[in-house]
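Residues per chain are reported as follows:
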Amino acid sequence: MTDAQALLLAKALVLMGQGIGAGLALIAGIGPGIGEGYAVGKAIETIGRQPEAKSSATTTMFIGCAVAESTGIYGLLVGIILLFVNPFLKHLEG
């Protein structure tokens with residue numbers, strides 16, 4: 001195998017790993033979706049049982065959803081970085 005072929009194979013393996021890593025990072029969006037749906041459902045149950053607690057339950061629900069959503073956004077950011085920035089390819093050159 002020539003040096004050019006070895007470099008091409010190494011780049012292909014790095015790009016394959018980045019694609020798999022980006023896909024796994026984007027799976028992180030499933031958890032916050034499930035968690036936020038569960039939190040909203042419980043908040044609605046609370047408001048149905050105690051309508052006077054609407055303000056407190058709504059505020060707590062929004063804070064919890066914002067914290068949960070940050071996990072999904074971090075996963076999306078990592079996926080985009082792996083797909084488009086290619087931080088590992090620079091180590092194969094030169």
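Residues numbered from 1 in each chain as written. Predicted model: local features only at pLDDT ≥ 70, side-chain atom pairs only at ≥ 80, totals over all residues. Heavy atoms only, no water.

**Student:** Got a sec to walk through the overall build of the protein chain? Specific residues and values, please.
**Tutor:** Helix and strand counts for the protein chain stand at three helices and zero strands. Counting from the amino terminus, the protein chain carries its helices and strands in the arrangement α-α-α. Taken along the three principal axes of its C-alpha coordinates, the protein chain extends 75 × 15 × 10 Å. Burial statistics for the protein chain: of 94 residues in total, 16% are counted as buried. Accessible surface for the protein chain amounts to roughly 6,700 Å². Of this, 72% is attributable to carbon and sulfur atoms. (Helix = DSSP H or I, 4+ residues; strand = E, 2+ residues; numbered from the N terminus. Buried < 20%, exposed > 50% of the residue type's maximum accessible area, 1.4 Å probe, protein only. Areas by Shrake-Rupley, 256 points an atom, 1.4 Å probe, with all protein chains shown as cover.)

**Student:** I'd like a description of the environment of Ala22, backed by residues and values.
**Tutor:** Along the polypeptide, Ala22 turns up in helix H1 (residues 3-26). In this structure the C-alpha to C-alpha distance between Ala22 and Leu83, which are 61 residues apart in sequence, comes to 6.4 Å.

**Student:** Before we move on, could you go through H1 and cite the residues and values that matter?
**Tutor:** For H1, which comprises 24 residues, the first-to-last C-alpha distance of 34 Å matches the rise-based estimate of 34 Å (1.5 Å per residue) to within 8%. Among the residues of H1, Val14, Gln18, Ala22 and Ala25 are the ones counted as buried. In the core, the buried residues of H1 are packed alongside helix H3 (54-85). (Expected span 1.5 Å × (residues − 1). Contact = heavy atoms within 4.5 Å.)

**Student:** Let's hear about the pattern of salt bridges: which residues, and what values?
**Tutor:** Close approach of charged atoms allows side chains with opposite charge to pair. Following the criterion strictly, the structure yields one salt bridge and no others. Between Lys42 and Glu45 there is a salt bridge, with its nearest N and O atoms 3.7 Å apart. Residue Lys42 and its partner Glu45 are both found in helix H2 (residues 30-49); the two are separated by three residues, about one turn of the helix. Assessed through its relative accessible area of 37%, Lys42 is described here as partly exposed. Accessibility expressed as a relative area gives 38% for Glu45, which makes it partly exposed. (Salt bridge = Lys/Arg side-chain N within 4 Å of Asp/Glu carboxyl O.)

**Student:** Outline the confidence of the model for the protein chain, listing residues and values.
**Tutor:** Across the protein chain, pLDDT averages 86, with 98% of residues at or above 70. Least confident of the elements in the protein chain is H1, whose mean pLDDT is 86; most confident is H2, at 89. (pLDDT = per-residue confidence, 0-100.)

**Student:** So, the side chain of Glu36: which residues are in play, and what are the values?
**Tutor:** Mapped onto the elements, Glu36 comes out in helix H2. A distance of 3.3 Å separates a polar side-chain atom of Glu36 from the backbone nitrogen of Glu69. Leave out the neighbours within four places in its chain, and Glu36 touches Cys65, Ala68 and Glu69. (Polar contact = N/O pair within 3.5 Å; in protein donor to acceptor, adjacent residues only side chain to side chain.)

**Student:** I'd like to hear about the packing of H1 against H3, residue by residue, with values.
**Tutor:** Closest axis-to-axis distance for the H1/H3 pair is 8 Å, and the angle between their directions is 165°. Viewed along their axes, H1 and H3 adopt a mutual orientation that is roughly antiparallel. H3 is crossed by H1, and the crossing has left-handed handedness. Seen from H1, the contacting residues are Gln18, Gly19, Gly21, Ala22, Ala25 and Leu26; seen from H3, they are Gly75, Leu76, Val78, Gly79, Leu82 and Leu83. Split into classes, the residues belonging to the contact of H1 with H3 amount to seven nonpolar, five polar and no charged. (Axes fitted to C-alpha atoms, helices over the stretch in contact; angles between N-to-C directions. Parallel < 35°, antiparallel > 145°, perpendicular 65-115°, else oblique. Left-handed = near helix turned anticlockwise from the far one by under 90°. Nonpolar A, V, L, I, M, F, W, Y, C, P; charged D, E, K, R; others polar.)

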